[in-house]
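Each chain, letter by letter, is given below.
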Amino acid sequence: MKTIGLPKALLYYHYHILWKTFFDALKVPYVESKKTTREMLEKGKEKCIDETCLSMKIFLGHIASIKNQCDCILIPRIYSIEKKEQVCTNFNALYDLVRNVYPKVSIINYNVDVKHHHSEENGFIHLGKQLGFSKKESKNAYKIAKKKEKEHNQLLEEQGRKKMHSKKTKILLLGHPYNLEDDLIGKRIISYLKDKDIEIIYSYEVPKEKVNTCVQKISPKVHWTMNKELLASFIYFKDHVDGTILLTAFPCGPDSLTNEMILRKKGKNKVLLLTFEDLNSDVAILTRLESFLDMLKGGIHL
Amino acid sequence: MKKVLAFPHLGDYKHPIKKLLQDLTHLEVLDTPPITKKTIALGSKNAPDSVCVPFKYNLGNFIEALELGANVLFQAGGGCRYRYYAEVQETILRDLGYDFTFIQIIGRDHLRFKELYHIFKNLNPKLTKRTFIKALLFAFFYITYLDKLDEIIRHRVGFEIEENAFLKLKNNFIKECSKSKNIFTLTKIYYKYKKKSKKVKIKKPKNCLKVGFIGELYTAMESFANYELEKKLAKYHIEIKRFTNLSYLLWKKALFLPFMKRKVKKYCKYTLGADGLDNVYRVLWLKKHGYDGIIHTKPTGCTPEIGALPIIMKVAKEEKMPILFFSFDEQSGIEGINTRLEAFYDLLTLKKEEEYESLFRN
């Protein structure tokens, strides 16, 4: 049986439950790449032009680190998850990009393009076919995986709801899951905030069924499914938290506009925008974070 | 209040679009002031800083038009960030304190006939479907003829003997077209100018340099955004082939896409977003048709092109095609562009001479 490699970056954080349960159900072995390191980032930077966004560079670095440990790497291509909506164009090009940048790596992929009638289920059936499973087997595995994902999402939502009513200082950490959970980007912030005894609410803890109604209040025309969640989470949590931190990787296309939308419609809420680049030191970010926390507490009392 | 319409600049297409809006609404259409350094300064002052350059140009255009008294603004939309431009620009302009109505023509990712009709019906209650279709058809032919004439001119403009002969010709063509009332006179004018353009005296050597112009749509079509790259190329006596024009984006692309997908199967299995796949295909096309080099332009931070660039680089390397990448932002350092262009020109001429000599050696 082929061993499948799952690079721990970009779409991994959106789909890891789904992928892992799917492969577990089919009894396909898989390996995950390790935590992001500086070395990985350097390797990723060699492979692409310097204008590429930080998350993408990290993703390419992960592939370099994992390519010798597995037989093939899973890279899905996503155009639209929901009808009339799109995702960032980086995800459209992801599969072809990696195929051209790493010509020797074998890639296993599936396509999700609801606008052109390629649903996620069909994608997973196609994935199963490539691994040598019948339609029925992969369909069942997909159903089990989807159920598990739903349970996981409910767990997250429950967590979010609980944290909303906590009595500590609360901060909404708003950003793509692949930025929040990454060791070079979000983890540093999270560990700093946890040290200061602050309750952190993550933007992906917003109830999925509230997304469409919440987003109408801030930006009804936004067409990126992933950024829609961010905007909705801001509206959903904003009255329950003391402050919001926006986390973005440097030249992020969708974020550059949606963050502007949040900053313009934030009203009296306190918002801090932190942009991560590939050559920043911790010190500058921690200084800004510190002053933001001081501001939340109502000024510095020496 | 009297309605005054305005829309952002896009090369020479302001004329057909202005004509279309006038025909459909019978309202006053404002000539948006030409793009200057002030426009881009206004735009980048008010726009978020990591957004791509077309956003800033358009925002600058809108602010200048609003200052002149426009109160109905038009914006289109496309496959990438462009689709979300309208809403953010509207928010920014409202925050600046202007009073206006903002209309997005392409709200989804492609043009919808019914949606468009309702938009203009709201502006002009007397509009009938018949006049609507008639005006659209007129604009369709206008744009097609303009693009066709442009293509002829681009082949010959680098070798003109009398300076600015083609520019004058094109301006006259636009002037006459904007005055004409129906498609038949439009067609007549087109053929008249086609004949005229072939009569303009040129001095074209047989083995002149030929360069393809690919890249993102706004920097390809708006000459201010690419620092008049085409004019500079013409001064070097280079024949230019440009793919992106409005008729391509609006209807030709949809017809052409399955064919292109088949041709670039080796490199791309799926579309890359916006014009990414098209640009990969164009590299192959230019190689096949004996072009000497390629110039790729994009605004800084254009996500679809960034995704496609490593693939384009690989294709160009495999096909041994010299390629020059330009990434434009709001800074206007023109000398850097000139130097790079000059070096590229030297490289192309040297390569051409070498090839020519090796022909005789063998």
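All chains use their own residue numbering, which begins from 1 and follows the written sequence. Chains and ligands are labelled sequentially in the order written, the chains with letters from A and the ligands with numbers from 1. Residues qualify for local features only when their pLDDT is at least 70, as the model is predicted, and side-chain atom pairs are given and counted only at 80 or more; totals for whole chains, interfaces and linings, by contrast, use all residues.

Undergrad: Which residues make up the overall build of chain A, and what values do they have?
TA: Secondary structure elements follow DSSP: runs of H or I no shorter than four residues count as helices, runs of E no shorter than two count as strands, and numbering proceeds from the N terminus. The secondary structure content of chain A amounts to 12 helices and 10 strands. Taking 2.2 N^0.38 as the reference for a compact globule, 302 residues should give roughly 19 Å; the C-alpha atoms of chain A span a radius of gyration of 20 Å, in line with that estimate. Considered along the principal axes of its C-alpha atoms, chain A spans approximately 65 × 40 × 30 Å. When burial is assessed residue by residue, chain A has 44% of its 302 residues classed as buried. The contacts in chain A between residues at least 6 apart in sequence include a share of 71% that link residues at least 24 apart. Here the radius of gyration uses the C-alpha set of atoms, whereas the globule reference equals 2.2 Å times the residue count to the power 0.38. Whether a residue is buried, exposed or partly exposed is read from the other C-beta atoms within 10 Å of its own C-beta, which are placed from the backbone; 20 or more gives buried, 12 or fewer gives exposed, and intermediate counts give partly exposed. By the convention adopted here, residues make contact when the C-beta atoms placed from their backbones lie within 7 Å.

Undergrad: Outline helix 1 (residues 12–25) of chain A, listing residues and values.
TA: For an α-helix, the turn length of 3.6 residues means that residues three or four places apart are oriented alike. Residues and elements named next belong to chain A. Multiplying 1.5 Å by the residue count of a helix minus one yields the expected span of that helix. Here helix 1 is 14 residues long and its end C-alpha atoms lie 18 Å apart, about the 20 Å a rise of 1.5 Å per residue gives. Taken as a whole, helix 1 carries its principal kink of about 30° at Leu18. Residues Tyr12, His14, Trp19 and Phe22 constitute the buried set of helix 1. Buried residues belonging to helix 1 abut strand 1 (4–6), strand 3 (72–74), helix 5 (120–131), helix 6 (135–164) and helix 7 (177–180). Think of it this way: the bend at a residue is just the angle between two axes, each fitted to seven residues, one set ending at that residue and the other starting at it.

Undergrad: Summarise the interface of chain B and chain A; cite the residues concerned and give the values.
TA: Across the boundary between the two partners, chain B contributes 33 residues, which contact 28 residues of chain A. Taken together, the elements giving at least two residues each to the side of chain B that touches chain A come down to helix 4 (82–95) and helix 13 (303–319) of chain B. Gly counts as polar in this scheme, as do all residues outside two lists: the nonpolar Ala, Val, Leu, Ile, Met, Phe, Trp, Tyr, Cys and Pro, and the charged Asp, Glu, Lys and Arg. Residue classes in the side of chain B that touches chain A are distributed as 16 nonpolar, 10 polar and seven charged.

Undergrad: Tell me about the sheet that holds strand 3 (residues 72–75) of chain B, residues and numbers included.
TA: Pairs of strands are assigned from DSSP output, requiring at least two bridges between the strands. Within the open sheet, the four strands sit side by side as 2-1-3-4 (chain B). Their pairing is parallel. Of all strands in the sheet, those bounded by a partner on one side alone are strand 2 (28–29) and strand 4 (101–104) of chain B.

Undergrad: So what about the sheet that holds strand 5 (residues 209–215) of chain B? Which residues, and what values?
TA: All names here are of chain B. As summarised here, the arrangement of the four strands in space is 6-5-7-8, forming an open sheet in which the pairing is parallel. Either end of the sheet is taken by a strand with one partner, and the two such strands are strand 6 (238–242) and strand 8 (323–328). The average angle at which neighbouring strand axes cross in this sheet is 25°, direction not considered. As defined by bridge partners, strand 5 adjoins strand 6 across five bridges and the pair is classed as parallel. What sits directly across from Lys210, in strand 6, is Glu239. To get an axis, a line is fitted to the C-alpha atoms, and for a helix only the part in contact is used. The angle between two axes follows their N-to-C directions and goes from 0 to 180 degrees.

Undergrad: Lay out the environment of Phe328 of chain B in plain terms, naming residues and giving numbers.
TA: Residues and elements named next belong to chain B. Here Phe328 lies in strand 8. Under the C-beta neighbour-count criterion, Phe328 is labelled buried, with 23 such atoms within 10 Å. Taking C-alpha positions, Phe328 is 18 Å from Arg242, a pair spaced 86 residues apart along the chain. Contacts of Phe328, omitting those with residues within four sequence positions, involve Val53, Thr219, Ala225, Asn226, Thr297, Pro299 and Thr300.

Undergrad: I'd love a proper account of the pairing of strand 8 of chain B, names of residues and values included.
TA: Residue and element names in this part refer to chain B. Alignment of strand 7 (residues 293–299) against strand 8, held across six bridges, turns out to be parallel. The partner of Ile294 across the bridge, within strand 8, is Ile323. A crossover counts as right-handed when, viewed with the strands pointing away from the observer, the path leading from the first strand over the helix to the second turns clockwise. Handedness of the β-α-β unit built from strand 7, helix 13 and strand 8 comes out right-handed.

Undergrad: Requested: an account of the domain arrangement of chain B, with residues and values cited.
TA: Residues and elements named next belong to chain B. For every domain, the bounds stem from an assignment made automatically or drawn from a database. We note that the domain assignment places domain 1 (4–127), domain 2 (136–204) and domain 3 (205–362) within chain B. Taking only C-alpha atoms, the centre of domain 1 and the centre of domain 2 are 27 Å apart. Counting from both sides, the interface comprises seven residues of domain 1 and, opposite them, seven residues of domain 2. Looking at the side of domain 1 that touches domain 2, its residues break down into three nonpolar, one polar and three charged.

Undergrad: Just give me the short version of the confidence of the model for chain B, but keep the residues and values in it.
TA: Confidence in the prediction of chain B, expressed as mean pLDDT, is 88, and 99% of residues score 70 or more. For this predicted complex, the interface score ipTM comes out at 0.90, while the overall pTM is 0.91. Each residue carries a pLDDT value, the predictor's own confidence for that position, ranging from 0 to 100.

Undergrad: Before we move on, could you go through helix 3 (residues 54–66) of chain A and cite the residues and values that matter?
TA: All names here are of chain A. Taking 1.5 Å of rise per residue, the 13 residues of helix 3 would be expected to cover 18 Å, and the 19 Å separating its terminal C-alpha atoms lies within 8% of that figure. Counting buried residues in helix 3 gives 12 out of 13 residues, a clear majority hidden from the surface. Restricting attention to buried positions, one finds in helix 3 the residues Leu54, Ser55, Met56, Lys57, Ile58, Phe59, Leu60, Gly61, His62, Ile63, Ala64 and Ile66.

Undergrad: Residue-level account of the domain arrangement of chain A, with values.
TA: Residue and element names in this part refer to chain A. We note that the domain assignment places domain 1 (4–147) and domain 2 (165–296) within chain A. Contact residues are listed per partner, giving 20 residues for domain 1 and 20 residues for domain 2. Contributing elements (two or more residues each) for the side of domain 1 that touches domain 2: helix 1, helix 2 (38–47) and helix 3. When residues in the side of domain 1 that touches domain 2 are grouped by element, the largest group, four residues, is from helix 3. Here the side of domain 1 that touches domain 2 is built from residues that sort into 10 nonpolar, four polar and six charged.

Undergrad: Which residues make up unusual backbone geometry, and what values do they have?
TA: One non-glycine residue, Asp197 of chain A, lies in positive phi territory at about 60°. Assignment of secondary structure puts Asp197 of chain A in the loop between helix 8 (186–195) and strand 8 (199–202). Residue Glu228 of chain B is not a glycine yet carries a positive backbone phi of 50°. For Glu228 of chain B, a count of 14 C-beta atoms within 10 Å puts it in the partly exposed group.

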